Amino acid sequence: MRASVQRPAAFALFAALVACAMLWMPGNARATPPPIVDGQPMESLAPMLADVTPAVVNISSKTHVRVRSPYFNDPFFRRFFGGGVPRERIERSLGSGVIVNAAKGYILTNNHVISGADSIKVTLHDGRSFKATLVGADPDTDIAVLQIPADNLTQLPLANSSDIHVGDFVAAVGNPFGLGQSVTYGIISALGRTGLGDTYQNFIQTDAAINPGNSGGALVNMRGQLVGINSMIYSPSGANAGIGFAIPSNLAGRVMHQLITYGEVHRGTLGVHVQKLSADMARALGVDTDSGVVVTGVDRASPASQAGIEPGDLITAINGKQVHDPQDLHNTEGLLPVGSRVTLAIDHQGQTRNVTMHMAPEKLAHASGGKLDPRLDGTDLRDASSSEAGRQTSGVVVDTVDQGSRAARNGLKPGDIIVGVNQRRTPNLRALKALLSGPPPRQLMLIVARGHRVHYLLAR
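A few points on the structure. (Residues numbered from 1 in each chain as written. Predicted model: local features only at pLDDT ≥ 70, side-chain atom pairs only at ≥ 80, totals over all residues. Heavy atoms only, no water.)

## Quick notes on the environment of V57
Right, on to step 1. On the secondary structure map, V57 appears in strand β3 (residues 56-67).
Right, on to step 2. When the C-alpha atoms of V57 and S129 are compared, they prove to be 9.7 Å apart, with 72 residues separating the residues in sequence.
Right, on to step 3. Apart from residues lying up to four places away in sequence, V57 is in contact with G95, S96, G97, V98, I99, I107, V122, T123 and L124. (Helix = DSSP H or I, 4+ residues; strand = E, 2+ residues; numbered from the N terminus. Contact = heavy atoms within 4.5 Å.)

Laid out in C-alpha cells, this is it:
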C-alpha cells in the first residue's frame, strides 16, 4: 500500500496559485523563450529534429569476460576438480552515436561506449540493425569512429564549435537508459571546461539533460548542426543534475580524421617537462607571481630546445591562454596536431618574452624508472605503441627489470604496462613524469596491465 500525504484544502489552493505564478516568473526554466534562428522565433524544434534524429543511432556492445569459479582457491575443490573451470560472463553496454558520413557509413561516438567490446551493433532510427566495424578509438579524448555497411543514411553536418557562445540554444539527442531515442533542450552554460579527469579536455557544458545512454549522442544547434558529442555528466547522485559535458565538434572532427587516416591519433609535442610553481619556488626563482609552471627539463632537438627554452624558465601562457598548472599545458599541447604553430609566454630570469614554435611528432620516449621514483629503481620504461598494447591502447611499458632490484621486489615484470598511478591515468611516459615530478608521493599505487588482466600493485 502506498503512503499518501493529506493537505488542507486551503493550503492546496495556495500551493497551486504559487506554482502558477512561478511558471511566469522571469528566468524560470519552464518559461524559457523560444530560440531565435535567422532573426525569426522558432516556435517548435520539430522541423529541425526531423532532419537530425535519423542521423542519431543506438549502439549496443557485448564483451565476453572470463571468470573463474568462486571455489578456485578452495584446496578440496582444486584437488578433485583441477583448480576451477573458467567461465564466461557477458557484459553489455548501451550508448549512442552520430552518423557524420552517410556515403561511407562513418559514425562518431565515445570511446567508453565501445571500449573492450567483442561485438558492436548499431541500430538506426528506422529500425535497421548492422554489425559495426571499429575504425579507431582514442581514449585520451574519449572519441571513437565506427563504420557500418548501410545505404540510405542521413548524416549531420559538423558546425564550427569555435563559433558557439554561452547562452546559445542546443538540443541533446540520444538513447537514455536504453528506452529509445529522446530529445532534451537547453543552453550552452559554459565553454572550455577542464579538470574533469586525466584526458585531454575542452568540454562544452550544457544544461540540456544528458543521462546514461546519451553518451556518444548529438548536441546540435538550432540549425541542426552537430556542435558536440555528449560525453559525461556531473552528478552527486548519478542522475542528471543540469550539468552535462560534450566534446566540441572541432576536436571530435580532428580526432576522427586521424582515426580514419591512421587508425590512431598522432599527437605533437613541444619537448618540455614542467611542474607546478609553488610559493617557495617562486621566491627562489625571484619571480613575482603564483601562476605558471616551471620548466624542469627540455628534450634534446625538440621545438622547445630549438626555441631556447631552458630549465628554470617559467611558462605563464600558451597561445594567449593562461597556464595555471601542468595539466593546463598538457591539455592544450595534447589537443594540437603535429605542425601547429604555438606561442608560449616565457619568464626568463625576470625578463618576459614570447616564443613561437611548431608541434613536432611525438616519439616513443624512454626513461630510467629509478630517476622518476626510487620505488621504480631497476626498470627501463618507455611509451607503449598501440600495436603492442592490445586493448590497452596507451600506457608506459616496463621494458626491463633488473634481477633483485627494488622494482623486482615490488612485483614488476618485463612487459608490464603501467596505465595509472595513484588513481590517475598514465597514457604515456610524459604523463607519468608529470605525476612523479616534485617530492615523491607517500604512496605509490600502480595500475598495471599484464596480459589480459589489470591489477593494482603497491610499490614500497
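## What about the sheet that holds strand β13 (residues 218-220)?
Right, on to step 1. Reading around the barrel, the six strands line up as β10-β11-β12-β15-β14-β13 and close back on themselves, with antiparallel pairing between neighbours. Going across the sheet, the axis of each strand differs from the next one's by a mean of 45 degrees, ignoring polarity.
Right, on to step 2. Where strand β11 (residues 182-193) meets strand β12 (residues 203-206), three bridges bridge the pair, whose relative direction is antiparallel. Note that in β12 the partner of I188 across the bridge is T206.
Right, on to step 3. Along the sheet face, helix α5 (residues 249-262) touches β14 (226-233) and β15 (244-248) and points at about 50 degrees away from the line of β15. (Pairing = 2+ DSSP bridges. Axes fitted to C-alpha atoms, helices over the stretch in contact; angles between N-to-C directions.)

## Observations regarding the side chain of Q258
Right, on to step 1. Residue position: Q258 is located in helix α5.
Right, on to step 2. Assessed through its relative accessible area of 12%, Q258 is described here as buried.
Right, on to step 3. If sequence neighbours within four positions are ignored, Q258 has contacts with G263, E264, V265, H266 and P337. (Buried < 20%, exposed > 50% of the residue type's maximum accessible area, 1.4 Å probe, protein only.)

## Remarks on the environment of V170
Right, on to step 1. If you trace the backbone, V170 turns up in strand β10 (residues 169-174).
Right, on to step 2. When its relative accessible area of 1% is taken as the criterion, V170 is described as buried.
Right, on to step 3. Taking the C-alpha atoms as reference points, V170 and G224, 54 residues apart in sequence, are found 9.1 Å from one another.
Right, on to step 4. Once you skip the residues sitting within four places of it in the chain, V170 turns out to touch T184, Y185, G186, I187, I188, T206, L219, V220, M222 and V227.

## Remarks on helix α8 (residues 326-334)
Right, on to step 1. Buried residues dominate α8, accounting for seven of its nine residues.
Right, on to step 2. Those residues of α8 that sit buried are D328, L329, H330, N331, T332, E333 and G334.

## Let's talk about the nonpolar core
Right, on to step 1. L108 and L156 are the most contacted members of the largest nonpolar core, which totals 33 residues.
Right, on to step 2. For this core, the element with the most residues is α5, which contributes five residues.
Right, on to step 3. Sequence-distant contacts of L108, defined by excluding residues within four places in its chain, comprise G97, V98, V100, I143, A144, V145, G216, I229, A252 and M256. (Core = buried A, V, L, I, M, F, W, Y, C linked by side-chain atoms within 4.5 Å.)

## Let's talk about the pairing of strand β9 (residues 143-147)
Right, on to step 1. Counting buried positions along β9 gives four out of five residues, so the element sits mostly inside the fold.
Right, on to step 2. Direction of pairing for strand β5 (residues 106-109) relative to β9: antiparallel, over a ladder of four bridges. Note on β9: the bridge partner recorded for I107 is L146.
Right, on to step 3. Of the pairings in the sheet, the one linking strand β8 (residues 133-138) to β9 comprises five bridges and is antiparallel in character. Within β9, the residue paired with T133 across the bridge is Q147.
Right, on to step 4. Counted along the chain from β8 to the antiparallel partner β9, the turn is four residues long, and its residue D142 has a positive phi close to 60 degrees.

## Topic: the packing of aromatic side chains
Right, on to step 1. If you walk through the whole model with that rule in mind, you get two aromatic pairs.
Right, on to step 2. Aromatic pair F169 and Y185: ring centres 5.8 Å apart, planes at 10 degrees, arrangement stacked. Highlighted residues: F169 in strand β10 and Y185 in strand β11, separated in sequence by 16 residues.
Right, on to step 3. Note on F203 and F245: the rings are 5.9 Å apart at their centroids and 55 degrees apart in plane angle, and the pair reads as tilted. Of the two residues, F203 sits in strand β12 while F245 sits in strand β15, which places them 42 residues apart along the sequence.
Right, on to step 4. For F203, a relative accessible area of 4% translates into the label buried. (Phe/Tyr/Trp six-rings, centres within 6.5 Å; stacked < 30°, edge-to-face > 60°.)

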